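Structure assessment
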Amino acid sequence: MRVSAGLPALGLRSFRAKFIAVVGTAVLFDLLLSSGLALWNVQRLSRDATVQVGEGLTEATEEYMRTYAVNTARDADLLINQVHAEVNALADVLQSQIGNPGQQAAVGEAVIRVDPSTASVVYDEAGGWAQNRPGSPSVVSVWGYLLGPDHKPLPAAQTEIDNSAVIDLVAPSLMATGSPKLQMYYIGPKEAPIFRTVPYTDQAQTFDRLYPGHNTSDFWPFFFPGLYESWERWLANPGARPVGSEITMTAPYTDAITGKLIVSFFRPLASRDHSRVAGVAGTDITLDQLAEIVKSVRVAETGFGFLAMSNGNVLAIGSAGEQTLGLVASSDAAGQGVTNLDRSLRRSVEPAVASLSLDAAGGAVRRIVLDEAGTPKPYVLALYPLNPVNLWSGGPIVSETMSVGIAVPESEIYAPLHAAQQGISQATNRIIEWQVAAILLCMIVVLGAIVGISKRITAGLSALADGARKLQAQDYSVRVDIPTRDEVGEVGLAFNRMAEEIRYNTENLERLVEDRTAELARANQEISGLNAKLADENLRLGAELDVARHIQQMVLPKPSDLDAVPEIEIAAFMQPADEVGGDYYDVLRSGSGVKVGIGDVTGHGLESGVLMLMVQSVARALQEAGESDPKAFLSHVNRAIFKNIERTGSGKHLSLAFLDLAGAEVVLTGQHEDVIVVRSCGEIEIMDTVDLGFPVGIEPDISEFVSSKTFLFNKDDLIVLYTDGVTEAINGDGVMFGVERLCQSVVNSRKKDAEMIKSGVISDLLTYIGNEKIHDDITLVVLRHR
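In this report, we go over the structure that sits alongside the text. What you see is a predicted model, and the numbers here were worked out from it, not measured in a lab.

Neither face of strand β17 (residues 389–392) is open: one carries Val389 and Leu391, the other Asn390 and Trp392, and all of them are buried. Where strand β7 (residues 248–250) and β17 come together, three bridges link them in parallel fashion. Note that in β17 the partner of Thr248 across the bridge is Asn390. Where β17 and strand β18 (residues 398–400) come together, three bridges link them in antiparallel fashion. Residue pairing for β18: Leu391 is matched across the bridge by Val398. A loop of five residues connects β17 with β18, the two strands running antiparallel in sequence, and Gly394 in this loop sits at a positive phi of about 90°.

Okay, the packing of helix α18 (residues 738–748) against helix α19 (residues 754–769) next. It is the contact of α18 with α19, at a shortest axis distance of 9 Å, that shows an interaxial angle of 140°. The orientation of α18 with respect to α19, classified from their angle, is oblique. Considering the relative orientation of α18 and α19, their crossing is right-handed. Contact residues: α18 offers Arg741, Leu742, Ser745 and Val746, while α19 offers Ile757, Gly760, Val761, Asp764 and Tyr768. Broken down by class, the residue content of the contact of α18 with α19 amounts to five nonpolar, two polar and two charged.

Once that is clear, we can look at empty space enclosed by the protein. All told, the structure shown has two cavities of 30 Å³ or more when counted by the stated rule. Looking at the second largest cavity, its volume works out to about 50 Å³. Around the second largest cavity, the lining residues are Phe306, Leu325, Leu345, Val353, Leu356, Ile368, Leu370, Tyr379, Leu381 and Ala407. In terms of residue class, the lining of the second largest cavity is built from 10 nonpolar, no polar and no charged.

Parameters at a glance
Residues numbered from 1 in each chain as written. Predicted model: local features only at pLDDT ≥ 70, side-chain atom pairs only at ≥ 80, totals over all residues. Heavy atoms only, no water. Buried < 20%, exposed > 50% of the residue type's maximum accessible area, 1.4 Å probe, protein only. Helix = DSSP H or I, 4+ residues; strand = E, 2+ residues; numbered from the N terminus. Pairing = 2+ DSSP bridges. Axes fitted to C-alpha atoms, helices over the stretch in contact; angles between N-to-C directions. Parallel < 35°, antiparallel > 145°, perpendicular 65-115°, else oblique. Left-handed = near helix turned anticlockwise from the far one by under 90°. Contact = heavy atoms within 4.5 Å. Nonpolar A, V, L, I, M, F, W, Y, C, P; charged D, E, K, R; others polar. 1 Å grid on protein atoms, 1.4 Å probe; cavity = no way out; pocket = protein on both sides within 12 Å on 5 of 7 lines; lining within 4 Å. Points joined across faces, edges and corners; volume = space filled by probe spheres on them.

This is the structure we're talking about:
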C-alpha cells in the first residue's frame, strides 16, 4: 500500500495552520523589528562609521608611515652593513698577514717584485713628504716626520710600506664589487702612520692644500683626536667598546682627496700578541650614498625623508625637505683635522623642529606644525632608529643611534579620510530610501514564501504520519511517496527501507536463526580441529628444538677439554637467548699448539644454531687435518660455510676469529669483537680485529682480506673473548653494559683464577641487566697464562 503526499487540510487545528501562524508571526515580527531598528540606527551608524573610519585611517596612516620609516632605516642599515662587511674583508686579510709574519713578508716581496713602484717612494722637495709615482694600483704617502735625514722612510715606515703591499691584490677587487665605495686604504700605527689608498690619487698634494701643517704633525692626533686612544682601550678591554662591532664610523667630514662630504669606516688591527694597535683598515663612502636612500622617499605628493644623528645633526635630506624643516647648513673649518658637517635640527628656524626629540625607540609618529609662507601647516612625522654604531666625532668613540624621519603634510596623508567621510554621508541617505522600499517588498515576499513552504513541508509530514499509523497496525506493505529531495524526502526513503526490512525479517526470522546456528556449529568444529593440530605442531617443534639444543651442548668444549692445556687456565660461559644459540666458541688442541675460536652468527634460534654446528665441524676437521697456517685455516672455513649457506639459502653469516697459542706467543686472526688483554700489572690492551678478516659466509673467497696480529701472552696475563651479547646487554634505562664495564669487571678480579674471573664477570653482567630480557646470545671465554 503506497501513501502519497497530498495537500493536507487547512483546519484551524492542523499542523499547516499552526505552522503558518507561528512562522508567519515570528518572521513578520522579526522583519518589522529589524527594519525599524535599522532605520533608527542608520543615522547613529553613520556618525559612528565616520568616527571609526577616521580612527582606522589615522591608525593605518600612522602604521604606513611607521612601516615606511622602518623600511628606509633597514635600507640605510643594509648599506652600512655592506660597508662593514667589505672593511672586515680587507681587515681580515691584513690581520691574517700580521698574525703570520713569514707569510706577510713573502706576500709583500711577491707584490713588490711584480710592481716595484708599489713600495718605492720619491721625496717631494716642495711638500716635504715622499710618495710613490703613478702607475701602481695604490698610492702610498709617507709624511715628513717619518723620513730620515736622507729623505728615505725610516725603517719602521718602510716595513709598513712593504707589509701593506698586499692591498694591491685585495682592495681593487673589493672596490669593484659590493656597495659603491670612494676609496679603501690602510693607515699604519701611531709610530709609523703611512697612508696607502686604492685607487691612486694625488693624495699628499691634496692634504697640503686642505690641511696646512699636517706633514710635520703626528697623523692620528692631528686628523682624528681621541680615536686612536679609544682603540687602544678596546684592545686592552674589548668590553669597553660602546657597541659590540669592531667597526668605527666617523661623522661626515670633507674628504682631503676628493673634496666631497664623506663618512669613513675604520677597523683597527691588532699586533700579533694583541698588545698594541698595529694599524687600521678603512673605506670611505660619500654622503650622497646615504642621502640617496632618504632622498628616494616618496610619500603622497610632497612627503620627504631625512637621516639625523642623535644630536640632531641631519646627515641626509633633499633640498625641499631642508627648506621645509628650516635647516641652516654650515661647516666648521676652524682648527686642525677633518672638517665636520653641521646641519642641526637644533638650529632650525622652525620652533617645532628645534625642540623635536629624536628618541625613536621602537618607532614613533608625531604631529608638528610648520610655518609655510606665514600659514601654519600640520605635518605627520614618523621616526625609526637605525642599528647603533661606534661613532667618532672629534673625541672618544661613543655609541650613536641615527634615526630615519619621514615627514608628510596632514592634508595629503589624510585626503582618503575626507573622501571616506563624504562617501558615508551620501551612502546614509541612499540606505534610508532603499530600506523603506525593501521592508514593504520583503513583507509581501515573506508571506507568500511561508504559505508555499508550509504546503511543501506539511504534505510530506502528513504522508509519514499516515504511513506510521499503518505500520503500527502491522501493515508492512505500506510505502510513502514523497517527491521532495529535502530532509523530509530523505526521511521518507528511510521509512520505506525500514518497512521493507521489517517485512523481510519478520517473514524470514526463523530460517535465519537456523542457518546462523548451523554456521556457528561448523565454525566451532573447525576451530577444535585447528587447536588439535596446533598442539601437535607445538610438541613436534619443541622436540626438534630440544634435540638441537642437546646436540649444540654436546659439541661445546667439556671441562676436561678446557683443563687439558696445562700452561693455560680456560673458563667459558654460553647462554643462548632462545632454545638454540648462534654463538660459537671452541678449544682445539693438536700437538703442542692450542687454537681457541669464537664467533657470532647473525640472529639466534634454530638456523643460527645449525650454522654454529657447521662452523664447529669444519674447524675440527681442519685442525685434525693438520692445517697450521692461521690465514689459510680461516679461508678454508669460510669457503666451506659459504657453500653450505648458499645451499640452504638461509642468508646468515657470522663474525669469526681464532687465537693460535704457542708458548708465550699468540697469533690472532679473523674479524670479531675486540680482544681484551689484561697484563699481570693491571694494564689493559684492546686488540681491534676489524682489519684482520671479513664476515664469514658472505663471499666465497676472503683470503685477500685475512691477516694476523701477533702479541705476547706472559705469565699471569689474561685474554678475554666475548660476543656482542655481553657488551650490548641493556639495563632498565636502555644503557648497554659496554666494553668499559667489561674491562673493569675483569680488572677487579684479575688476580683470581680463570673460572672465578668468568663467574665474577657474569655476575656483574646479570646484576646490571636486572629484570630486563636477554635479547642476544651471551658467550664469554677467559684465558689465564699460568
